Amino acid sequence: FNLPTVLSPQRVPEKILNKLTLEQKIGQLFLIGSEEKTFTPQLGNLIKTIHPGGILLLSRNIENENQLKKIIEDISKISLKDNNLPIFVAVDQEGEPMSRIQFLNEKTSQSEIKNIEQAYEIGLHRGNELKNLGINLNLAPVLDVSQPGDFLFERSFQKDTEETGKLAKALISGQKTAGILTAVKHFPGYGGISFNPERKKLPLVVKIPEISQFKK
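The present account deals with the structure reproduced in this document. (Residues numbered from 1 in each chain as written. Predicted model: local features only at pLDDT ≥ 70, side-chain atom pairs only at ≥ 80, totals over all residues. Heavy atoms only, no water.)

**Topic: the overall build of the protein**
Assigned secondary structure in the protein consists of seven helices and nine strands. Against the 2.2 N^0.38 benchmark of 17 Å for 216 residues, the protein shows a C-alpha radius of gyration of 18 Å, consistent with a compact globule. Taking the principal axes of the C-alpha coordinates as reference, the protein spans close to 50 × 35 × 35 Å. Counting over 216 residues, the protein shows a buried share of 47%. When contacts within the protein are restricted to residue pairs at least 6 apart in sequence, those whose partners lie at least 24 apart make up 70%. (Helix = DSSP H or I, 4+ residues; strand = E, 2+ residues; numbered from the N terminus. Rg over C-alpha atoms; globule rule 2.2 N^0.38 Å. Buried < 20%, exposed > 50% of the residue type's maximum accessible area, 1.4 Å probe, protein only. Contact = heavy atoms within 4.5 Å.)

**Structural notes on the pairing of strand β5 (residues 88-91)**
As defined by bridge partners, strand β4 (residues 54-56) adjoins β5 across three bridges and the pair is classed as parallel. Of the residues in β5, the one forming a bridge with leucine 56 is alanine 90. Taken together, β4, helix α4 (residues 65-83) and β5 form a β-α-β motif whose crossover is right-handed. Here β5 runs beside strand β8 (residues 137-138); their pairing, made up of two bridges, is parallel. Counterpart to alanine 90 in the pairing with β8 is leucine 137. (Pairing = 2+ DSSP bridges. Right-handed = clockwise from strand over helix to strand, strands pointing away.)

**Description of the nonpolar core**
Among the nonpolar cores identified, the biggest contains 20 residues, and Leu68, Ile101 and Ile135 are the most heavily contacted of them. Those elements giving two or more residues to this core turn out to be α3 (41-50), α4, β5 and α5 (116-133). Membership of the second largest hydrophobic core comes to ten residues, among which are Ile113, Ile122, Phe157 and Ala170. (Core = buried A, V, L, I, M, F, W, Y, C linked by side-chain atoms within 4.5 Å.)

Printed below as a string of structure tokens:
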């Protein structure tokens, strides 16, 4: 199978996988978070204890370009030293209003994307900026089909399922060309929900959301 590195995805040799302990293999299933903005002994111990497959950087972890590059470099080094495997370094860089890295140039809102050519160029530009920092996984775009009043409406393409799927596919292709992997969200969809279920109670919906855009 393939895993990303800071530079580009590469095939992981079977001999490396066979040398992993059970704990290390289980750790590869986890994408963890941290409170740190700099690489600390506590963060190093966390990585060496959990052996995570990835780490998600949020706004609390990001200050400026040099700081971000340094913590990513340190995290990547300790992960390689721990298990000989590259680590996923992930962010939520959707474009406004959800751009964790505010100092980057490409922050076009998904709702402003009009066609697949523009979507591809945005994905390519955004991907190149992320790759330059050492990030290799973007938790974007958002494929939820939403309506005004939904908590995700401002973060969505604000299109029907067919158009959403086409724009998302083009944006993902741009990111891939830049060497950035993609995790789309939020399957099967938060459409029809007025509040953030990750912060409050779980919502109930009367029908299963449309998922054809995720299939595309």
